[in-house]
Amino acid sequence: MIGDTTQNQADTELIAWIDSVPFSKPAKNLTKDFSDAVLVAEILKLYYPRYVELHNYVPASNLNTKIDNWNTLNRKVLAKIDVKLNKDTICHLANGTQGAIEKLLLELRTRILKDDEKLHKQKLTKHNEEGIDIQLSKEKIRDNSPCGEQLNSPVGSLDSPEASDGICQPSPVSKVGRFKRGISMVFGWIASLFLRNIFRSFRFNKHSRNMILDGITCAKLLCLAAAIVLGGAALLLVGLYLYFTFTRGVCKSKSRMDGKTVIITGCTSGIGRETAKNLAKRGARLIMACRNTDKANQLKDEITKETNNSNIVVRMLDLSSLQSIREFAKQINREEARLDVLIHNAGTAETFRKKVTEDGLEMTMATNYFGPFLLTHLLIDLLKRSKPSRIVVIASELYRIARLNLNNINPTSTLPAYLYYVSKYANIVFTLELARRLDGTGVTANCLHPGMVDSGIWRNVPAPLSWCLYLIIKAFFKTPEQGAQTTIHLAVSEELNGVSGKYFVDCAKYELSNAVKDPAKGKKLWELSEPLVKLQPSDSKI
């Protein structure tokens, strides 16, 4: 029961209403217990169940996580019921500013009554186990509310100075969002104009139409149909090319990395190579963790010459070998005083050739998922001592066409081409669970989709598939430098200080599917992975 010795009548009714809600945890203090948005989400779940998915809201004491929860609630739920919060209000709510949550709850109660007073009574009676009789009257709220007329005015009209720190209009659409919308509108207009002219040419009376059709052979009709299809396909390809070209994210941060140590795995080619170059230019101490040390040393010399940064070392690391990972981690812990950024960049993709490592792990899953999982455990203490520090995991949007089978997370008999997508699914689940476990430690973990990149990972695709893929790659894929931008953004951007457990595309946060965000799935995958990577009792626990 929420208590307050200085309650007026409106406050008493509000608290009685809140006490009647069956929360997942006791609500003892309005300001503190509601600051992470979880309990507000539970209230809204009761009345707007189709809008609210509770797994999107994580109980937290960290301010950034609280703000993320409020932003998600604002975007996914409040905006749909015409209750919109501005940035200042969200900050007040997350910081527990006195009176902020009370004002929001009063507005929500009024909105719920307005939407469906009868349904509100039914649901409240159903869920009220204590049998509290709550009087639900809009007139009562209006007469007794300390907010007066403000609660009775439309949310969109709250533009007075008194309301400026409360409910407001959403922030403007970003430039990228406006550009994407503009591109879609332009090509939609062109396509409609094209089709309209085609159909207009056949608007004749019945006699004229019969005369024309009599003079058109079947071959001509087929040619016309083919021309329409090819024209539409060409228009689509041009549209896609312009869309992908002008919506690519670019890391705009000018942050230097002097005095900071960065480990990047698999950086002899592709986006890893470009990431290494960029971080070296920013002054970072760069540890290139690679399987091919000869090639890595050649790149090291090239980067040193190009950036005048001689603080670069090459270390042997084969992520498909548990022994190699342990030897690498042992050397790093012995030689390095700090580790500010760990970038899990290395990856492999086979098409048909099935491989099993010396540890009994499927090769693609071992390199892309199990290896980073073990390496993170072995370096976590160094990362914690260097806080604030970051872990960056390269994932992929291709996870959406995969399914993670928790009954067999080491599928040695499955087609390797499909397992690449599964490994990226596992990377995301791992990152989200890692962020939950590291909350409050000063170490953040985020993952990203670099985009479809013309990198060395596609070299294993055999002919004739490689022939078609080559044309697609050259027309639509990013260059390695463009593909590295989001990785660099997550590694250096000061605006991401404290941000954890997020997924990024083109240097911006991006929504994940509900299935991949399931905390129970993350916990289960973690527990199943520990014995497969042979974690020892002496190894650090996360």
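Heads up: the structure comes first, above all this text.
Everything in this summary refers to the structure shown in the same document.

Thresholds applied
Residues numbered from 1 in each chain as written. Predicted model: local features only at pLDDT ≥ 70, side-chain atom pairs only at ≥ 80, totals over all residues. Heavy atoms only, no water. Buried < 20%, exposed > 50% of the residue type's maximum accessible area, 1.4 Å probe, protein only. Helix = DSSP H or I, 4+ residues; strand = E, 2+ residues; numbered from the N terminus. Pairing = 2+ DSSP bridges. Contact = heavy atoms within 4.5 Å. Axes fitted to C-alpha atoms, helices over the stretch in contact; angles between N-to-C directions.

### Concerning the pairing of strand β3 (residues 312-316)
Within β3, four of the five residues are buried, which leaves the element mostly enclosed by the surrounding structure. Bridge count for strand β2 (residues 285-290) against β3 is five bridges, and the pairing is parallel. Across the sheet, Leu-286 pairs through a bridge with Ile-312, a residue of β3.

### Some details on unusual backbone geometry
The omega torsion of the bond from Lys-387 to Pro-388 falls at 0°, within 30 degrees of zero and hence cis. Turning to its location among the elements, Pro-388 is positioned in the loop between α14 (363-385) and β5 (389-394). Even without a glycine there, the phi angle at Ala-37 is positive, about 75°. Tracing the chain through its elements places Ala-37 in the loop between α2 (30-33) and α3 (38-47). The exposure class of Ala-37 is buried, given its relative accessible area of 0%. Of note, the phi angle at Asn-308 is positive, near 60°, even though the residue is not glycine. Positionally, Asn-308 belongs in the loop between α12 (293-307) and β3. Take Asn-308: its relative accessible area is 71%, and that puts it in the exposed class.

### Considerations on the sheet that holds strand β7 (residues 503-505)
Within the open sheet, the eight strands sit side by side as β3-β2-β1-β4-β5-β6-β7-β8. Their pairing is mixed. Of all the strands in the sheet, the pair left with one neighbour each is β3 and β8 (508-509). As paired strands, β7 and β8 are joined by two bridges and run antiparallel to one another. Paired with Phe-504 across the strands is Lys-509, a residue of β8. Contacting β1 (261-265), β2 and β3, helix α13 (residues 322-335) runs over the sheet at an angle of about 145° to β3.

It is worth stressing that arrangement in space is one thing and function is another; only the former is reported here.
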